[in-house]
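Examining the three-dimensional arrangement
This is what each chain is made of:
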Amino acid sequence: MRRVTKALLIGVPALVLVAATVKAVPLARSWWDSRHKPAESQPVAGKSEAHAELVPNDPETLQVPDDVVLALGVRTTKVITAPPPEPLKLDGSLFLDANRMVHVHTRFAGEVVELGELEATAPAAGGPTGEEWHLSRPIRFGDQVKKGQLLAVVWSKELGEKKSELVENLSRLRLDEEKAKRLEELLAKGAVPERSVKEAERNVESDLIAVARIERTLRSWRLSEDEINVIRAEAEKVHKHKGQWGKELEGTWARVEVRAPIGATVVEKNVAVGDFVTTDADMFKIADLIRLDVLAHVYEEDLPEIEKLPKDQRRWTIFLRTDPRAKPLEGSFEQIGNIIDPNQHTALTMGWVDNSSGRLRVGQFVTAQIKLPAGSLEVAVPNSAVIDEDGTSLVFVQTDPKKHQYTRRRVTVLHRRDDSAHISSDPPPEEKKLGARGLVAGELVVTVGGVEMAAELDSLRLAIEPVPSAPASPPVSPPAKATSTALSAK
Amino acid sequence: MVGHLLEWAVKNRVIVVLLAAALAATGGYAFFHVNVEAYPDPAPAIVEIVAQYPGASAEEVERQVTIPLEIALAGIPGLKYTRSKSLFGLAHLRNQFEYGIENDRARQEIINRLAMADLPKGVSPQISPASPIGEIYRYTLKSPKDALGRDIYSLNDLKAFQDWTLQREFRRLPGIAGVTSSGGTVKRYEIHPDPDRLKEYGITLEQLENAISASNANVGGDYVVQGGNVQVVRGIGLLGGGEDPMVLAQGMTEPVKAAKFLRMEELRRLREIRKIVIASTNNVPIRVGHVIEGGPVASDAALGQQGVVVGYQTRQGKVGLIRPLLDGNGHDVKDAQGKRILIDEDDKIMGVILLRKGEKSLPALEAVIAKIEELNTTPGKMLPGVQIEPYYNRGSLIDVTTETVRENLVVGMALVTVILLMFLSNIRSALIVAINIPLAMLFAFVVLYVRDKSANLLSIGAVDFGIIVDSSVIIVENIYRRLSSGEGANLPLEERVLRASREVERSLLFSTMVMVCALLPLFAMKGPEGQIFGPMADTYAFALGGALLLAMTVSPVLCVIFFKTLKPERENFLVRGLKKTVHLQYSFVLNHRGLVLALLGVLVSATLAVLPFLGREFMPELEEGNMVVRGQFPVNVSLDEAVRNARIARRIMLSYPEVRLGTSQVGRPDDGTDPTGYYNVECNLPLKPHDEWEIPPGRTRVRTKIELIQEMNTDLSRDIMGVNWNFSQIIRDNVMESLSGVKGENSVKIFGPNLDVLEQLAQSFNSTLATVHGVSDPGVFRINGQTNLAFPIDRGKCAMWNVSVADIEDVIQTAVGGTPFSQMTEGEKRFDITLRWPAALRQSADYILDIPVDVVKNTVTSGPTSSLGQTQISGSSTGLSMTGTQSSMPSLTGNAFNATFNNLSRVPRRRLRDLVTPISKDGLPDPDGSFVKPGASMISREQGKRLIAVKFGVRGRDLASTVEEAQAKTARLLPAGYESVWSGEFQQMQEAEKRMVQVVAVAMLLIMVLLFLAFQSMIDALVIFTNVALICMGGIWTLLITGLNFNISAGVGFISIVGVAVMDGLLLVSSFNRLRFQGVPVRMAILQGVDKRIRPLTMTALTAILGLLPAALSTRIGSQSQRPLAIVVVGGMLTILVFNMVPLLYSFYGHREPPGGVGHEHD
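Every chain is numbered independently, its residues counted from 1 as its sequence is written. Throughout, the order in which chains and ligands are written sets their labels, letters from A for the former and numbers from 1 for the latter. Two thresholds apply to this predicted model, a pLDDT of at least 70 for residue-level local features and 80 or more for giving and counting side-chain atom pairs, whereas whole-chain, interface and lining totals are computed over all residues. Hydrogens are left out, water is left out, and the side-chain values use all remaining heavy atoms of the structure.

With that out of the way, let us pick up the overall build of chain B. Of the regular secondary structure elements, chain B holds 35 helices and 35 strands. Over its C-alpha atoms, taken along the principal directions, chain B stretches across nearly 140 × 75 × 75 Å. Burial status follows relative accessibility: with a 1.4 Å probe on protein chains alone, a residue under 20% of its type maximum counts as buried, one over 50% as exposed, and anything between as partly exposed. Counting over 1163 residues, chain B shows a buried share of 60%. The contact rule is simple, with two residues in contact once any of their heavy atoms fall within 4.5 Å. Considering only intrachain contacts with a sequence separation of at least 6, the fraction spanning at least 24 residues in chain B is 78%. For this count, His and the chain ends are skipped, Lys and Arg are scored as positive, and Asp and Glu as negative. Where a charge lies is defined by one atom per residue type, namely NZ (Lys), CZ (Arg), CG (Asp) and CD (Glu). Considering chain B, the positive charge centre built from 115 side chains and the negative charge centre built from 114 side chains are found 3 Å apart. Helical segments are the DSSP runs of H or I of at least four residues, strand segments are the runs of E of at least two, and each set is numbered from the N terminus.

Structure, rendered in structure tokens:
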């Protein structure tokens, strides 16, 4: 009994002591904490404690407190109908209109004896200011000429000889006609045999044929009837003056005048007085520069795009590369070349531009921009609204302008321009399967603060939906994204 | 030997006194000249390699730079870990060597191996100057402002000045490893060629590059002799003449004029570049100005706006600074609402001055401060008006911690002296003991100084003066007791002192040996704890050795000198009361041995019961007086967005008046020393001294730092949502990252080959960790998440045009990224000259796809082959046309006489979009696919294996149990082929504990051997050892009560008092044995022995307690790392003071025949 009592006397206080000690630890600790550890932080007056949170039953929508929206500087903007996509830019240059350029040739080879002249004005040397004097000067490269204006005179041996041949044949014709007439008279008198008359008539016919042949040749050389008549007159004169040629015609007998076939600008002048020219030489090239052709190279790959354009929409805007600040020129392209350049696989697109001002130059480099129609199922948002994350594109949509609730939406970006992204309002089925949805014009999307919202939404979702464990073997395709922050989740 | 020393000292008192004076003098000198560090460097040799590969993605960097470097470095002797990070444009390898490998040797080994790495052209690996505790000084550059408040100098100017002038100035200072520069813009001259203009003139990019490169050099033409003189011939072809305008600007006085001069000089160079001739046709030169964006400029007014511009390299980061407006007295200026008026700047240049590893920070800091003073005040040293504004100085922390230690030292010494006075009631004896404290410490300082070692907070502050003067206390107390009791009054004083000293001589010797054995674990510590506590062990050992030497020499001598007139006197009432109490206590104990034993059993049981509640951690956190706040944004965040948020964050942070100012660094420094991207925002917040903290409105007291962190974290997380905010301090942050390779205190690293699986596993770990109690702020350092605009080159399309992959990649690199091909020499400075497409042509994927690619290698015949080669036999021949006709193609224009003048046919041109095709998920070309693909943001590797890290903090629970639970919960998440390693503080703790247990076991064994040698009795040794168990229990309970965790600091506390506990037991048992040897009955021997020894025992215990009591109670900066140690010492010694079980245990076996040993030495 004594042993039991003694054991109890020792054991009970011992247990009490142990219990008290264990109990005392937290009490002592709290005392120490009050001395060395901080109290729980107290809310500061005026500061809201609300944090961003997920909207119940909508794990893709974030409810953001008003003051956080203010502090973070969240901004939204309206989705707009997509403007046309970036125009197609074609490299090209200006050309002469092939129908408005003439290569001026001489009809006869010969020596250039004279060049056409233009009236010009020049400031009088040493005279009072503004005083000018007029002079004539030969046509030069760049001059504007009128239709029919004399460009050059060629002295053609061939023409002279042909003319003389005509004179000679006219003279022979005349003699043969007179001879035939006399023989007819003599035949009537029976002085000559009929055979002689017949021979004389045949000679006349031969002369007529020769004259006609030469005249036709001259006509085919585009000599006028007047000019031929002058030759006839000369033949008469020679006959009257017993073989004496008129001196007055010697200065013009071999003269060939080269005149401007159209009113245009001399773009090339390849002759000078004294040059010998042949008929195939381009003495002058004159071109009408009022309208210039535009030839632009379009890559094979882009041909379908422009071929789709209806005729009335085949318009382009021409920019001069050398003068980017100049007002662009509007025009249209009419033709798409049938031949592909084997070097760079481009086709030529052809059109024209008005150059009545004369400031455009042939060969000038241009960029032709062809506007493409906007996609009917496209909308545009600022680039800052799109969050690229793990290869997917997201936007945050404010479903109700009165509430700061933002829904994350996967979208399909079609193009990106310098400041905007074009988004499909009806994503393709394979994108839809991955969760993509369209955007509609007029919806509000977040342009500032979206990156942070995405990260916050991920962390909040992670807190309620733990990520399943990794597969036993590595997957072939990347796993679904769980969160986006560099140091994800809080 | 000890006896001879005592005898010599007493007989040569003058010499001893003179030697003591000399010690005081040299010690004083050493004290004022020894280097002091705030914190010991816990890291082994770590050599960081930085290799920048501009424009390359993380995957490319890993493949082409990181892996070749890892291969080259593998197998270096002593290399423990190679941890690497590959991210956009940067490879960063951290090579951690074994402890004990010299830093210089490690660097040399690395340098030798770097030459073996096969790296892409232009990638030049550098060794980073950074080290874990190397950041000693931070500053920003202040630019003068114009009337509108804008900086007069451009960021290019300031950055160039920082990189080329200031960095060099600081690098020349002793001990400085380098300067890391962040923020600002690195100037480069950019040429923006217009692809259309290039086409028009038929100029290729290569021609353009060659023309500029060839127009940018100086040459020497030897010299010519002109009569008696020589003239050196030079060809000056460098752009701008190679002159440095900034040097001239530094000589000016007006900032506006200097800035204008710099701008004019830049324009001059731009003009010169524009004038460079690329080619000439018909004597008409084609100049650079003709082929660049915008073409030739009509006037200088348009110069520099486009075409050839002064730009800057891709920005790696941006630094912002927010600070309050201060009045003339340095006080905050407040607005009408009482809020501070803040000045916030978004774009600053920041410099971080780095100390070379192992160098002394104080002399380096002095040199830095002197240099800054010189730069700021000497005309011509800086750009006019520019000033260096420091905002972090390690010296402040050193000052504060030194002050804390000094305060603890002084208060501790005063308390010890008071104890001595209380128990001895004799000023002289108290002073004799007290004088040993500074002398012992000075002795330690002399040894430190002679060994060229640095003192630090722990090495000085954690030394318990109570313990180091124990030997003096015992010897002086014994002498005093003997003399005051009148024993041997007939003998000469010297003899009486000698006898009294000899009485405790052997006990002292043994107890000192025991103490040295007890401290063995400190000396044997390896790893970070060895680095941290090694200096403390040194100091402790030197101080103890010095104290023992002084106790054996100076104390007896001073006793002889000062106790000449000592008269026998009674013990004071305190001692008498103490003795009476102790007598009653032990009478009771001896009368109720069972009950007391039971109580002891209860205590042991209770201790074992609560032991699981004792948390474990590696090291307590040292308060540094600053905060490093790191925000981790989504990896795909842009620089501008991160900067915008950083601005908001700065405002929030400075809304707390405790914060002195704030800097934010978005991204990384330009030298790549901190491997991170725009997603990382690191804010440095120097705090005001704690005594200047104001009571926030509506509160009754100032915030604590933890409250400050909590509230700031709440505000930041709330207002800048989606961002993970972490709080640390400069040194701690760097140290933890260096040791674990991960930013964050703790992390689990998951190793495996597949990046996607790693990413998913990390998310699983992350969500699991979030469910573990105590885990805070878990987060994954993501690998993926970076969106890439990837252009897979279509080999089929390339084949059609004979375009190589390199051709296309060159175009992408040049057009989008910009390729430096020459350098602008401006004196010592060199700036890249870069070709890059105009911004308008590379601003989105669609524009980039339109970038033209010149097809230069493709050949197109003009038509069918007209002739075959002539031979002697056949002569020339005509081949057959493959097309079936010899006719050539018609004119493209439809008119053979109206051909274009341009040369489009000469250099065919395609677009990038015609040569690339998106790839589908199955790796096949997918023309309808997207070029936007997910990619890697940062790939981490360790020992050649890919890994992903999940970081976490531990709050409100101890580290060990938290991690154990987390390990259990995540154990089944890993599939085959994947493994996890828990690293960081936890890993350090585990390794340290393992090492400590081993070494402590050896030390205890040695102590047992010593005790057995001393007593020649195992039971005596075991009984004495119960004191060790008691102090352990006391330490554990104190830790529990104060809510502290067991950590290395606490472990060192236990080690510190083991020696004292053993010494106390040793003194008692030897006293009992001696009395028993004299035939005194056991009970009487115990009571008499206790009576005789209680005063020195109480004094040693109290001095040990009071010596560290200030440190235990201190809350000042620097006290955190000492507190666990001090708490353990105080708790352990209190326990042994109250619950000394040696007498009780002795009573059970004391009736035996006393063994030979310590107890026999005296009468």
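This next bit is on the packing of helix α17 (residues 493-524) of chain B against helix α19 (residues 554-562) of chain B. Residues and elements named next belong to chain B. Two numbers describe how α17 lies on α19: the axes approach to 10 Å, and their chain directions differ by 145°. Here α17 runs over α19; the crossing is right-handed. Residue-level contacts link Leu493, Glu494, Val497 and Ser501 of α17 to Pro556, Cys559 and Val560 of α19. Three classes are used, and their members are as follows: Ala, Val, Leu, Ile, Met, Phe, Trp, Tyr, Cys and Pro are nonpolar, Asp, Glu, Lys and Arg are charged, and the others, Gly among them, are polar. A class-by-class count of the residues in the contact of α17 with α19 yields five nonpolar, one polar and one charged. Between the N-to-C directions of two axes lies an angle of 0 to 180 degrees, each axis being a line fitted to C-alpha atoms and, for a helix, fitted only over the stretch in contact. Left-handed describes a crossing whose near helix is turned anticlockwise from the far helix by less than a right angle; the clockwise case is right-handed.

Looking now at the packing of aromatic side chains. Any pair of Phe, Tyr and Trp rings, taking the six-membered ring for Trp, is counted once the centres come within 6.5 Å. Such a pair is stacked with planes under 30 degrees apart, edge-to-face with planes over 60 apart, and tilted for the rest. Evaluated as defined, the whole model comprises 14 aromatic pairs over all chains. Judged by centre distance (5.2 Å) and plane angle (40°), the rings of Trp316 of chain A and Phe333 of chain A are tilted. Here Trp316 of chain A is found in strand β17 (residues 315-320), whereas its partner Phe333 of chain A is found in strand β18 (residues 329-340), with 17 residues between them in sequence. Under the relative-accessibility criterion, Trp316 of chain A is labelled buried at 1%. Judged by its relative accessible area of 2%, Phe333 of chain A falls in the buried class. Centre to centre, the rings of Phe1072 of chain B and Tyr1146 of chain B are 5.0 Å apart; their planes meet at 50°, and the pair counts as tilted. Here Tyr1146 of chain B lies in helix α35 (residues 1142-1149) and Phe1072 of chain B lies in helix α32 (residues 1048-1077), a separation of 74 residues in the sequence. Overall, the relative accessible area of 0% leaves Tyr1146 of chain B in the buried class. Chaining the aromatic ring pairs together yields one cluster made of Phe31, Phe32 and Phe445 of chain B. Any Lys NZ or Arg CZ that is within 6 Å of a ring centre and within 35 degrees of that ring's normal is treated as a charge sitting over the ring. Directly above the ring of Phe1148 of chain B sits Arg593 of chain B, whose terminal nitrogen or CZ lies 4.2 Å from the centroid.

Residue and element names in this part refer to chain B. Judged by nonpolar contacts, the single largest core of 258 residues is most densely connected at Phe170, Ile191, Ile1007 and Leu1011. The element that contributes the greatest number of residues to this core is α32, accounting for 16 residues. In this structure Ile191 touches Leu208, Ile212, Ile273, Ile292, Gly307, Val308, Phe821, Ile833, Thr834, Leu835 and Arg836, once residues within four positions along its chain are discounted. Residue types Ala, Val, Leu, Ile, Met, Phe, Trp, Tyr and Cys, when buried and joined through side-chain atoms within 4.5 Å, form a set referred to as a nonpolar core. Val629, Ala642, Ala646 and Met938 belong to the second largest nonpolar core, which has 55 residues in total.

The subject of this paragraph is a nonpolar patch on the surface. Residues and elements named next belong to chain B. Grouping into patches uses exposed residues only, defined as over 30% relative accessible area, and leaves out salt-bridged ones; the cut-off is 9 Å for like charges and 5 Å for nonpolar side chains (Val, Leu, Ile, Met, Phe, Trp, Tyr). Each accessible area value is a Shrake-Rupley result obtained with a 1.4 Å probe; residue values ignore everything except the protein chains displayed when judging cover. Salt bridges are defined as contacts in which a side-chain nitrogen from Lys or Arg sits within 4 Å of a carboxyl oxygen from Asp or Glu. A surface patch of nonpolar side chains, about 570 Å² in accessible area, is lined by Leu1005, Val1009, Phe1012, Leu1013, Met1018 and Leu1022. Elements with a minimum of two residues in the nonpolar patch: α30 (985-1015) and α31 (1018-1042). Broken down by element, the nonpolar patch gets its largest block of residues, four residues, from α30. Accessibility expressed as a relative area gives 47% for Leu1022, which makes it partly exposed.

Our next topic: the pairing of strand β11 (residues 277-281) of chain B. Along any regular strand the residues' side chains alternate between the sheet's two faces. Sheet topology places β11 of chain B next to strand β12 (residues 284-287) of chain B; four bridges connect them, and they run antiparallel. Paired with Ser280 of chain B across the bridge in β12 of chain B is Pro285 of chain B. Criterion used throughout: strands pair if DSSP finds at least two bridges between them.

The next thing to look at is the confidence of the model for chain A. Where the model shows low pLDDT, its predicted coordinates should not be examined in detail. Residues and elements named next belong to chain A. Values of pLDDT, which run from 0 to 100, indicate the predictor's confidence residue by residue. Put simply, chain A has an average pLDDT of 81, and 81% of its residues get 70 or more. In the predicted structure, residues 36-46 sits below a pLDDT of 50 and forms 18 contacts with residues beyond four places in sequence or in another chain. Confidence over residues 472-490 falls short of pLDDT 50; this stretch has 74 contacts with residues more than four positions distant or in other chains.

This part takes up unusual backbone geometry. We note that Arg222 of chain A has phi near 65°; this positive angle belongs to a residue other than glycine. Despite not being glycine, Gln943 of chain B has its phi angle at roughly 50°, a positive value. Relative to the assigned elements, Gln943 of chain B resides in the loop between β33 (938-942) and β34 (945-954). Overall, the relative accessible area of 43% leaves Gln943 of chain B in the partly exposed class.

As a further point, take helix α16 (residues 470-485) of chain B. Residue and element names in this part refer to chain B. Multiply 1.5 Å by the residue count of a helix minus one, and that product is the helix's expected span. Here α16 spans 22 Å end to end across 16 residues, near enough to the 22 Å set by a 1.5 Å rise per residue. For α16, the buried fraction is high: 15 of the 16 residues fall into the buried class. The positive-phi residue at the C-terminal boundary of α16 is Gly486, with phi of around 85°.

Before going further, it helps to examine the sheet that holds strand β15 (residues 284-287) of chain A. Strand pairing in a sheet is mediated by backbone hydrogen bonds. Such pairs are either parallel or antiparallel. All names here are of chain A. Strand order across the open sheet formed by four strands is β6-β15-β13-β10, with antiparallel pairing between neighbours. At either end of the open sheet lies a strand with only one pairing partner, and these are β6 (101-104) and β10 (144-145). As judged from the four bridges shared by β6 and β15, these two strands associate in the antiparallel manner. If you follow Met101 over to β15, its bridge partner there is Ala287.

Residues and elements named next belong to chain B. When the pLDDT values of chain B are averaged, the result is 83; 93% of them are 70 or greater. Low pLDDT, under 50, characterises residues 1158-1163; the stretch is placed with 23 contacts to residues that sit more than four places away or in other chains. Both confidence scores are given for the complex: pTM 0.78, ipTM 0.75.

Bringing the side chain of Ser471 of chain B into the picture now. As for its position among the elements, Ser471 of chain B is in helix α16. Discounting residues that sit within four places of it in the chain, Ser471 of chain B has contacts with Leu508, Ala547, Leu548 and Ala551 of chain B.

Our next topic: the packing of helix α3 (residues 157-188) of chain A against helix α5 (residues 225-240) of chain A. All names here are of chain A. The contact between α3 and α5 brings their axes to 9 Å, and the two run at 55°. Classified by the angle between their axes, α3 and α5 sit oblique to one another. In this structure, α3 crosses over α5, and the sense of that crossing is right-handed. Of the residues in α5, those in contact with Lys163, Leu166, Val167, Leu170, Arg174 and Glu178 of α3 are Ile228, Ile231, Arg232, Glu234, Ala235, Glu236, Val238 and His239. Roughly parallel covers angles under 35 degrees, roughly antiparallel covers those over 145, roughly perpendicular covers 65 to 115, and oblique covers all other angles.

Side chains that carry opposite charge are capable of pairing whenever their charged atoms lie near each other. Within the structure shown, the criterion is met by 88 salt bridges over all chains. The partner of Arg408 of chain A in a salt bridge is Asp458 of chain A, with the nearest N and O atoms 3.0 Å apart. Note that Arg408 of chain A is positioned in strand β24 (residues 405-411) and Asp458 of chain A in helix α8 (residues 450-464), a separation of 50 residues in sequence. Here Asp346 of chain B and Arg650 of chain B are joined by a salt bridge, their closest N and O atoms 2.7 Å apart. Residue Asp346 of chain B is located in strand β15 (residues 342-348), and its partner Arg650 of chain B is located in helix α22 (residues 639-654); the two are separated by 304 residues in the primary sequence. The structure contains a network of salt bridges with shared partners spanning Asp157, Lys187, Arg263, Glu265, Glu266, Arg268, Arg269, Glu272 and Glu826 of chain B.

The subject of this paragraph is the pairing of strand β2 (residues 58-63) of chain A. Residue and element names in this part refer to chain A. Bridge analysis of strand β1 (residues 53-55) against β2 gives three bridges, and the strand direction is antiparallel. Bridging from a neighbouring strand, Glu53 pairs with Gln63 of β2. Joining the antiparallel neighbours β1 and β2 is a turn of two residues, in which Asn57 adopts a positive phi near 65°. Pairing analysis gives three bridges linking β2 to β24, with the strands arranged antiparallel. In the strand pairing of β24, Thr61 is matched with Thr407.

Once that is clear, we can look at empty space enclosed by the protein. Residues and elements named next belong to chain B. We place a 1 Å grid over just the protein atoms. Points where a 1.4 Å probe fits but has no way out form a cavity, open points with protein on both sides within 12 Å along at least 5 of 7 lines form a pocket, and any residue with an atom within 4 Å of a point lines it. Grid points are joined across faces, edges and corners, and a volume is the space filled by probe spheres set on the points. Scanning all chains against the criterion turns up eight cavities of 30 Å³ or more. Of the volumes computed, that of the largest cavity is approximately 380 Å³. Lining the largest cavity are 27 residues, with Ala130, Glu135, Thr673, Asp674 and Asn734 sitting closest to its centre. Sorting the residues of the lining of the largest cavity by element identifies β6 (135-142), β7 (176-182), β16 (350-355), β19 (626-632), β21 (680-686) and α24 (730-740) as the ones contributing at least two each. It is α24 that provides the largest number of residues to the lining of the largest cavity, a total of five residues. Its residues assigned to classes, the lining of the largest cavity shows nine nonpolar, eight polar and ten charged. The computed volume of the second largest cavity comes to approximately 280 Å³. Lining the second largest cavity are 28 residues; nearest its centre among them are Lys85, Gly741, Phe781, Met938 and Ser940. Element by element, the count of residues in the lining of the second largest cavity is highest for β33, at four residues. Tallied by class, residues from the lining of the second largest cavity come to eleven nonpolar, nine polar and eight charged.

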